[in-house]
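Architecture and fold: a report
Okay, here's what each chain looks like letter by letter:
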Amino acid sequence: MSAVRRWAALTRRELLKLGRNPQAIATSLLIPILYLILFGQGFNFTNLLNSNPFLSPDQKTQYIHETFLGAPDYFSYFSAGMVGFVAVTATLFVGANVIFDKLFGTLKRTAASPATATDIFGARLVAGSLQPVGLAFLVLGLSVLLGDIGLAGLHVSVAVSVLGAAEVVVAILLLSVMFASLFLSLGFTIDQPQTYFAVVNAINLPVLLTSAALYPWGLMPVWLQTIASYNPVTLAVWVLRITFFGDSYYAYPAWVYLAGLFAWAVGMFAVATILTRRALAPRK
Amino acid sequence: MADAIIAEGLSKTFNGSVKAVDGVSFTVKEGEIFGFLGPNGAGKTTTLSMLTAVLGPTGGRATVDGLDVVRHPHELKQRIGLVFQEATADQDLTGRENLELAAALFGVPLRDTPKRVGDLLERLQLGDSSERLVRTYSGGMRRRLELAVGIVHSPRVLFLDEPTLGLDPQGRAGFWKIIEQLREDSGMTVFLTTHYLDEADGMCDRIAIIDHGKIVAEGTPSQLKDRLGGDVVTVRPIGTADSLEASLKALPGVTNVVQQEGVFRVKCPNGDVLIPKIVGAATSLGISIAGITLQRPSLDEVFLEFTGREYREDEGPSATDRAVFMTRLQSARRGIR
């Protein structure tokens, strides 16, 4: 009971702090919004394909579906990918907050209390993983809205079942847990914010650029497709795309990708738990 | 009275070479206020960190409230309170939220928490500002909040690491009044390190002085001062009174008499007891006294005696800082090779 209470109290602290820092939420949301409004509208592969006079309408549709794995257009494909992007960019703040708590002495105070490393890590993980889920749904909602006002937008081409919606939530949650664990590990082991952000940038860019979040799958070289198919961001956005556009172009059903994502999340969670315990143990 | 804190040969060596604490042994009785003094870098905070299970010792053993600091760190943390020298309260939470968080972490029963937190905020004069974010608090308010966080669970042993650093005299006096009240109410044991020797003199039942990682003196403030040879009574007779010197030397307890420019400086353990005898001796010789003053040795002099240096707030770095510095130095040297 006391462990649950400690964990709940620490989670409340994280959520209170988050709620009092709307700038952080706005910043987390601003980047994906800019991507949707600027990059998504301007960098639209579908227009390129539609302008090809040598392809019949059927050929164009088939080519689009093959290139975007069943999505009706690039923006629809890309907006699902942005959810993966958001999970990565929003969770990096949880690690940064650990470093700031070290600098301001707050972590020292918590570590000197009966709170265990599991309590401290768990509370931050929960708060850090919930935020991207909320942001992800804002991104999806905005993407649909853009389509409704005549711009390129998210067009869901199959009926989304309750199970499918649940799979989307689980996929975003697992991806968030995985990246929150990664960034918390870094936060607990690195002391300087400058070093942290340098390492995070060195991780983020390769992770996103070796995923299928932004690239049209059909245009990726085979070697990059091979790498991307193991990338957790790819696994998560594939679950979203299967739910939104059907599974005709995928080798496996969504649950297989969820299982892969689960393995990533569990693995990173285990590593983070060990590193956090080590960081919070009495110094030798 | 049982021992609340027992340290036996407690040692801490950083990186195998920097000896911050070198086999210190002492006991603190239940309900005592025990002061741990020493120059910066002497090992005060390192010792306190080991006793609070924040830092693992490399030698010796210690128990706090009967719990071994290495074997039972979790249980230990539930029974002790710790007030750090720096501000550790969360600045983005209100004073009340900080206390509620601490209450939950230290296992204060949920049903008791609102009353305990409310009472503590009032007692520490933070009631009116309890709903404000801590970032808006003054230095004194933050120190009081730190104390509140440290005692919200009514700990059996309270560790204070330079608790009044940076407070004005009024703030310091108020802080110690609260500590004294807490001890009276709950019989709590207090272990403190402080930069202010007058605080240690006035507040502590016993004191240990640590220097270069070793305890160089231990006792009550009076005992430590007595070890310097006691009080100095200055006698200013009217006119020439050379004959007084022999009489003063003959008084029981007098250890030394120095006459300088017609003024006698008499050294003795208990000057207040000796003054009537001095007056009596002078009267019997027909010597009138213009003035007589009693000067007790201060803890500053005790500190000077045992550490060989005067107490200053801006001395060298702490033992931990020295260890970090040495590590960096060693890394740099390895890099050069």
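The structure displayed is predicted, hence computed values, not measured ones. (Residues numbered from 1 in each chain as written. Chains lettered and ligands numbered in written order. Predicted model: local features only at pLDDT ≥ 70, side-chain atom pairs only at ≥ 80, totals over all residues.)

**Re the overall build of chain B**
Per the secondary structure count, chain B includes 12 helices and 14 strands. Principal axes of the C-alpha set define a box for chain B whose edges measure 75 × 60 × 40 Å. Within chain B, buried positions represent 42% of all 337 residues. Contacts spanning at least 24 positions in sequence make up 71% of the contacts within chain B whose residues lie at least 6 apart. (Helix = DSSP H or I, 4+ residues; strand = E, 2+ residues; numbered from the N terminus. Buried ≥ 20, exposed ≤ 12 C-beta atoms within 10 Å, placed from the backbone. Contact = placed C-beta atoms within 7 Å.)

**Notes on the overall build of chain A**
In terms of helices and strands, chain A carries 12 helices and 0 strands. Ordered by position from the N terminus, the helices and strands of chain A form the series α-α-α-α-α-α-α-α-α-α-α-α. In terms of overall dimensions, chain A is globule-like: its C-alpha atoms have a radius of gyration of 20 Å, near the 19 Å expected for 284 residues. Based on the C-alpha atoms only, the size of chain A along its principal axes is roughly 70 × 35 × 35 Å. Out of the 284 residues belonging to chain A, those deemed buried represent 44%. A separation threshold of at least 6 residues defines the contact pool for chain A, and within that pool the share at least 24 residues apart is 82%. (Rg over C-alpha atoms; globule rule 2.2 N^0.38 Å.)

**Here's the deal with the domain arrangement of chain B**
Along its sequence, chain B is organised into domain 1 (3-224) and domain 2 (229-295). With centres defined by C-alpha atoms, the gap from domain 1 of chain B to domain 2 of chain B works out at 44 Å. (Domains from an automatic or database assignment.)

**Description of the interface of chain B and chain A**
Between chain B and chain A, the contact holds 24 residues from the first and 20 residues from the second. Every element with two or more residues in the side of chain B that touches chain A is listed here: α2 (73-79) and α3 (95-105) of chain B.

**Looking at unusual backbone geometry**
Residues other than glycine predominantly adopt negative phi, and peptide bonds predominantly adopt the trans conformation. Residue and element names in this part refer to chain B. The phi angle at H212 is positive, at roughly 50°, despite the residue not being glycine. The phi dihedral of E261 falls on the positive side, at around 50°, and the residue is not glycine. The topology assignment puts E261 in the loop between β12 (256-260) and β13 (263-268). For E261, a count of 5 C-beta atoms within 10 Å gives the class exposed.

**Side note on the nonpolar core**
Counting 156 residues, the largest nonpolar core has V83 and A236 of chain A together with A148 of chain B as its most contacted members. Looking at this core element by element, the count peaks at 17 residues for helix α5 (residues 74-103) of chain A. Contacts of A236 of chain A, omitting those with residues within four sequence positions, involve G84, A87, A171, I172, L174, L175 and L261 of chain A. (Core = buried A, V, L, I, M, F, W, Y, C linked by C-beta atoms within 7 Å.)

**Some remarks on the pairing of strand β10 (residues 214-219) of chain B**
Residues and elements named next belong to chain B. Here 5 bridges tie strand β9 (residues 206-211) to β10, and the two strands are oriented antiparallel to one another. Each bridged residue has a counterpart across the sheet, and for I210 the counterpart in β10 is I215. Between the end of β9 and the start of β10, which pair antiparallel, lie 2 residues, with H212 showing a positive phi angle near 50°. (Pairing = 2+ DSSP bridges.)

**Details of the sheet that holds strand β7 (residues 157-161) of chain B**
Residue and element names in this part refer to chain B. Ordered in space as β6-β7-β8-β3-β9-β10, the 6 strands form an open sheet in which the pairing is mixed. Looking at the sheet topology across the chains shown, the edges are occupied by β6 (80-83) and β10. Mean inter-strand twist for the sheet, computed between neighbouring axes without regard to direction, equals 15°. Looking at chain direction, strand β3 (residues 33-37) and β9 are connected through 4 bridges and run parallel. Bridge assignment links F34 to a residue of β9, and that residue is R206. Packed on one face of the sheet, helix α5 (residues 139-151) meets β6 and β7 and runs near 165° to β6. (Axes fitted to C-alpha atoms, helices over the stretch in contact; angles between N-to-C directions.)

**A few points about the confidence of the model for chain B**
Note: predicted coordinates in regions of low pLDDT should not be interpreted at a detailed level. All names here are of chain B. Residues with a pLDDT of 70 or more make up 91% of chain B, whose mean pLDDT is 86. For the stretch residues 312-317, pLDDT sits under 50, and the model shows 9 contacts to residues farther than four places along the chain or on other chains. For residues 328-337, every residue scores under 50 in pLDDT, and the model assigns this stretch 1 contact once sequence neighbours within four places are set aside. Of the two predicted TM-score estimates for the complex, the pTM is 0.79 and the ipTM is 0.83. (pLDDT = per-residue confidence, 0-100.)

**A closer look at the environment of T27 of chain B**
Residue and element names in this part refer to chain B. Along the polypeptide, T27 turns up in strand β2 (residues 18-29). We classify T27 as partly exposed; it has 16 C-beta atoms within 10 Å. Note: C-alpha distance between T27 and A4 (23 residues apart in sequence) is 7.5 Å. T27 has contacts with D3, I5 and I6, leaving out every residue within four places of it along the chain.

**Here's the deal with the packing of helix α11 (residues 232-245) of chain A against helix α12 (residues 254-280) of chain A**
All names here are of chain A. Packing of α11 against α12 brings their axes to within 9 Å, and their N-to-C directions diverge by 150°. Between α11 and α12, the crossing angle belongs to the class labelled roughly antiparallel. Between α11 and α12 lies a crossing of left-handed hand. Together, P232, L235, A236, W238, V239, I242 and T243 of α11 and A254, Y257, L258, G260, L261 and W264 of α12 make up the contact between the two elements. Taken together, the residues of the contact of α11 with α12 sort by class into 11 nonpolar, 2 polar and no charged. (Parallel < 35°, antiparallel > 145°, perpendicular 65-115°, else oblique. Left-handed = near helix turned anticlockwise from the far one by under 90°. Nonpolar A, V, L, I, M, F, W, Y, C, P; charged D, E, K, R; others polar.)

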